[in-house]
Amino acid sequence: MPEVPLDFPRLWVELPDPGDPGHLLRADLTWLTSSWACIFGRGCRGIDAARPDDGCCTLGAHFSGPDDERRVRGFVGQLTDADWQLRRRSWTATEDDGARTTRVVDGACVFLNRPGFPGGQGCALHAMALRTGRHPLETKPDVCWQLPLRRTYEQVTRPDGSELLVTVLGEYDRRGWGPGGHDLDWWCTGSTEAHGAAQPLYLTYAAELLELLGPGLAAALDEACRARVPRTLGHPASARPRPRRVAPSPAG
């Protein structure tokens, strides 16, 4: 089924930070109460139709800064040949503008174990986290574990001259990738196929929201989301019936 339009009515909430009077959270409740879930390996079409097994790992991940790269480097040192298919390859790169990224090797991120690898297909850092009892947000680059949440910041001057930092938390739709996002062959946040979770996103991503917002704001957001379900202005991809997947016949 086609993706839903990028623009549709959404319900937003503004929550003051209980620990900082100069900080406000503006959150997209329509997105946070949607039924989106990652379907990597379970129907994900990938952002490049020619490489559906890559998911969104066709492109390398941009590190959010030196601390992000340093943290990932510590876990990279713990990976073995049995964990990581491309362990013997260089894993970082520097773009022309100085941005630091994970390296793209043979058409996808260096940490992506390809189909058929004995250690299992998918992100080597994600698999290591699950194997060792960690959450993947500990081991993966920031941008990887934050998807499909998009966090941005706005500095606002109020009419009385006071300054306010506003954190905006919403859907990482195609536009989050920049101008090139419109060229992706498929993107999950607007696809009905990826909206089938039994629980809303704010519950399945509770750990990520806690890491992004801190305990005070995360608790306030959880309360706001619970008060909103199941009101109007839901995500259209969650509201539409999903296509049925029919199992192939024994002869197929």
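As a starting point, this report considers the structure included with it. (Residues numbered from 1 in each chain as written. Predicted model: local features only at pLDDT ≥ 70, side-chain atom pairs only at ≥ 80, totals over all residues. Heavy atoms only, no water.)

Considering the overall build of the protein
Helix and strand counts for the protein stand at 9 helices and 10 strands. Radius of gyration (C-alpha) of the protein: 19 Å, near the 18 Å computed for a compact globule of 252 residues. A principal-axis box enclosing the C-alpha atoms of the protein has dimensions of 60 × 50 × 35 Å. Across the protein, contacts joining residues at least 24 apart in sequence account for 62% of those joining residues at least 6 apart. Total accessible area computed for the protein in this model is approximately 13300 Å², and 54% of it derives from carbon and sulfur atoms. (Helix = DSSP H or I, 4+ residues; strand = E, 2+ residues; numbered from the N terminus. Rg over C-alpha atoms; globule rule 2.2 N^0.38 Å. Contact = heavy atoms within 4.5 Å. Areas by Shrake-Rupley, 256 points an atom, 1.4 Å probe, with all protein chains shown as cover.)

Observations concerning the pairing of strand β10 (residues 163-171)
Counting buried positions along β10 yields 7 of 9 residues, so the element is predominantly enclosed. Examined bridge by bridge, strand β2 (residues 20-28) and β10 share 5 bridges and lie parallel to one another. Opposite R26, over in β10, you have V168 as the bridge partner. One ladder, built from 9 bridges, connects strand β9 (residues 149-157) with β10; its direction is antiparallel. Opposite T152, over in β10, you have V168 as the bridge partner. Linking β9 back to β10 in an antiparallel pair, the connection comprises 5 residues, with G161 at a positive phi of about 95°. (Buried < 20%, exposed > 50% of the residue type's maximum accessible area, 1.4 Å probe, protein only. Pairing = 2+ DSSP bridges.)

Brief notes about the pairing of strand β1 (residues 12-17)
In this structure, β1 lies alongside β2, joined through 6 bridges in antiparallel fashion. When the bridges of β2 are listed, V13 appears paired with A27.

Here we look at the packing of aromatic side chains
The description of an aromatic ring pair uses the distance of the two centres, along with the angle that the planes make with each other. Scanning all chains against the criterion turns up 7 aromatic pairs. Pairing W36 with Y205 gives two aromatic rings, centres 6.0 Å apart and planes at 75°, and the pair type is edge-to-face. Of the two residues, W36 is situated in the loop between α1 (29-32) and α2 (66-76) and Y205 in the loop between α6 (201-204) and α7 (206-213); the sequence distance between them amounts to 169 residues. Their ring planes at 25° and their centres at 4.8 Å tell us that W84 and F111 sit as a pair that is stacked. With W84 in the loop between α2 and β3 (92-94) and F111 in the loop between β6 (108-109) and β7 (112-113), this pair connects stretches of sequence that are 27 residues apart. Each member of the pair, W84 as well as F111, is classed as buried. Members of the aromatic cluster, joined through ring pairs, are F63, W84, W91 and F111. When the ring centre of Y172 is taken as reference, the NZ or CZ atom of R150 above it lies at 5.5 Å. (Phe/Tyr/Trp six-rings, centres within 6.5 Å; stacked < 30°, edge-to-face > 60°. Lys NZ or Arg CZ within 6 Å of the ring centre and 35° of its normal.)

Considerations on the nonpolar core
Grouped together as the largest cluster of nonpolar side chains are 33 residues, with contacts concentrated most on L25, L32, L149, L169, L209, L213 and L221. Where this core is concerned, the elements lending two or more residues are β1, β2, α1, α6, α7 and α8 (215-228). Per element, the largest residue contribution to this core is 5 residues, and it comes from α8. Listed in part, the 16 residues of the second largest apolar core include V76, V105, C123 and L125. (Core = buried A, V, L, I, M, F, W, Y, C linked by side-chain atoms within 4.5 Å.)

Structural notes on unusual backbone geometry
For the bond running from L147 to P148, omega is 10°, close enough to zero to count as cis. With respect to the helices and strands, the residue P148 is situated in the loop between α5 (142-146) and β9.

As for the side chain of E208
Counting through the fold element by element, E208 comes out in helix α7. Residue contacts for E208: discarding those within four places in its chain leaves H135, L137, W145 and L149.

Things to note about the pattern of salt bridges
One pass over the full model with this rule turns up 19 salt bridges. Here R175 ties to D7 by a salt bridge, and the two come within 3.2 Å at their closest N and O atoms. Here the residue R175 occupies a position in the loop between β10 and α6, and D7 occupies one in the segment before β1, the gap between them amounting to 168 residues. For R175, a relative accessible area of 35% translates into the label partly exposed. The exposure class of D7 is exposed, given its relative accessible area of 60%. Through salt bridges with shared partners, a single network forms among D7, D173 and R175. (Salt bridge = Lys/Arg side-chain N within 4 Å of Asp/Glu carboxyl O.)

Worth remembering: the numbers are spatial, not functional.
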